[in-house]
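Analysis of the macromolecular model
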Amino acid sequence: MTRLLPALKGQDSPLIQLSRVAHAWVLARTDRGRSFEMLLTALGTDLADPEHSSTRNGIHLGATAGTLDILQRCYTGLEARGDVLWLNLLLPEGLDRLDCVIRYRNQLISLHVYHERLRISAAPGSGQPVPVAVRGRSFMLCPGTTVAVALHGRAEPASRPDQGSAPPDAAES
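So, how was this worked out
Residues numbered from 1 in each chain as written. Predicted model: local features only at pLDDT ≥ 70, side-chain atom pairs only at ≥ 80, totals over all residues. Heavy atoms only, no water. Salt bridge = Lys/Arg side-chain N within 4 Å of Asp/Glu carboxyl O. Helix = DSSP H or I, 4+ residues; strand = E, 2+ residues; numbered from the N terminus. Buried < 20%, exposed > 50% of the residue type's maximum accessible area, 1.4 Å probe, protein only. Contact = heavy atoms within 4.5 Å. Pairing = 2+ DSSP bridges. Axes fitted to C-alpha atoms, helices over the stretch in contact; angles between N-to-C directions. Phe/Tyr/Trp six-rings, centres within 6.5 Å; stacked < 30°, edge-to-face > 60°. Lys NZ or Arg CZ within 6 Å of the ring centre and 35° of its normal.

Observations concerning the pattern of salt bridges
Tallied over the full model, the rule gives 3 salt bridges. Among the salt bridges present, the one from Asp99 reaches Arg97, with a minimum N-O distance of 2.5 Å. In this structure, the salt-bridge partner of Arg117 is Glu116, at a minimum N-O distance of 2.8 Å.

Digging into unusual backbone geometry
Phi at Asp83 is positive, roughly 60°, even though this residue is not glycine. By the secondary structure assignment, Asp83 is in the loop between strand S1 (79-81) and strand S2 (84-87). Notably, Arg105 is not glycine yet its phi reads approximately 50°, a positive angle. Structurally, Arg105 is set in the loop between strand S3 (97-104) and strand S4 (107-114).

A few points about the environment of Leu27
When you line up the elements, Leu27 lands in helix H2 (residues 14-27). With relative accessibility at 14%, the residue Leu27 sits in the buried group. In sequence terms Leu27 and Met38 are 11 residues apart; their C-alpha atoms lie 8.9 Å from each other. If near-sequence neighbours (up to four positions away) are discounted, Leu27 is found in contact with Arg32, Arg34, Ser35 and Met38.

Description of the sheet that holds S2
Strand order across the open sheet formed by 4 strands is S1-S2-S6-S7, with mixed pairing between neighbours. Two strands lie at the open edges of the sheet, namely S1 and strand S7 (137-141), each paired on one side alone. Averaged over all adjacent pairs, the angle separating strand axes in this sheet is 30°, with direction ignored. Sheet topology note: the S1/S2 ladder contains 3 bridges and is antiparallel. For Glu79, the partnering residue across the bridge sits in S2 and is Trp86.

A few points about the packing of aromatic side chains
Describing an aromatic ring pair means giving the distance of the ring centres and the angle of the ring planes. Here the structure, examined in full by the defined rule, presents 1 aromatic pair. Arranged with centres 6.4 Å apart and planes meeting at 70°, the rings of Phe36 and Tyr75 form a pair that is edge-to-face. You can see Phe36 sitting in helix H3 (residues 32-48) and its partner Tyr75 sitting in the loop between helix H4 (59-74) and S1, a full 39 residues away along the chain. Sitting over the face of the ring of Trp86, Arg81 holds its NZ or CZ atom 4.3 Å from the ring centroid. Above the face of the Tyr114 ring, Arg117 is positioned so that its terminal group lies 4.0 Å from the ring centre.

Following this line, the structure appears as structure tokens:
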């Protein structure tokens, strides 16, 4: 334990940076604005001062993995539950959009998240439709389709996906 104390004294120590990423993850559930600020602070040291970065200490990889988890899972509210892909989207201010590709039920699904809308696409193929729930609305995402969902107000729990339907304000292409 005494070997860790010198590392904790410095404001920009690798352990402090990793701790900030962990705190940003926790805050993502309750205060996404503060979460994003803490995430930027944690990543800023490695980007602004490469000589004192956490890369050579091996902590950089942990911070990077934590950052990806925050972006892909926390800010999208991504959760796989009961064979349904649940999304409880809420981007923090300062993050204009978030694009990522996930694999769910052996299908590649692209998420394009904006403050006011979500565009979700399934790669073409012979896979089964994926039930998706977004903010109280549900639909089946078929291979090769794209669905746009308007995001109004705060996120709320989604209901059980209906078979073969899209949200009332969704546009398929």
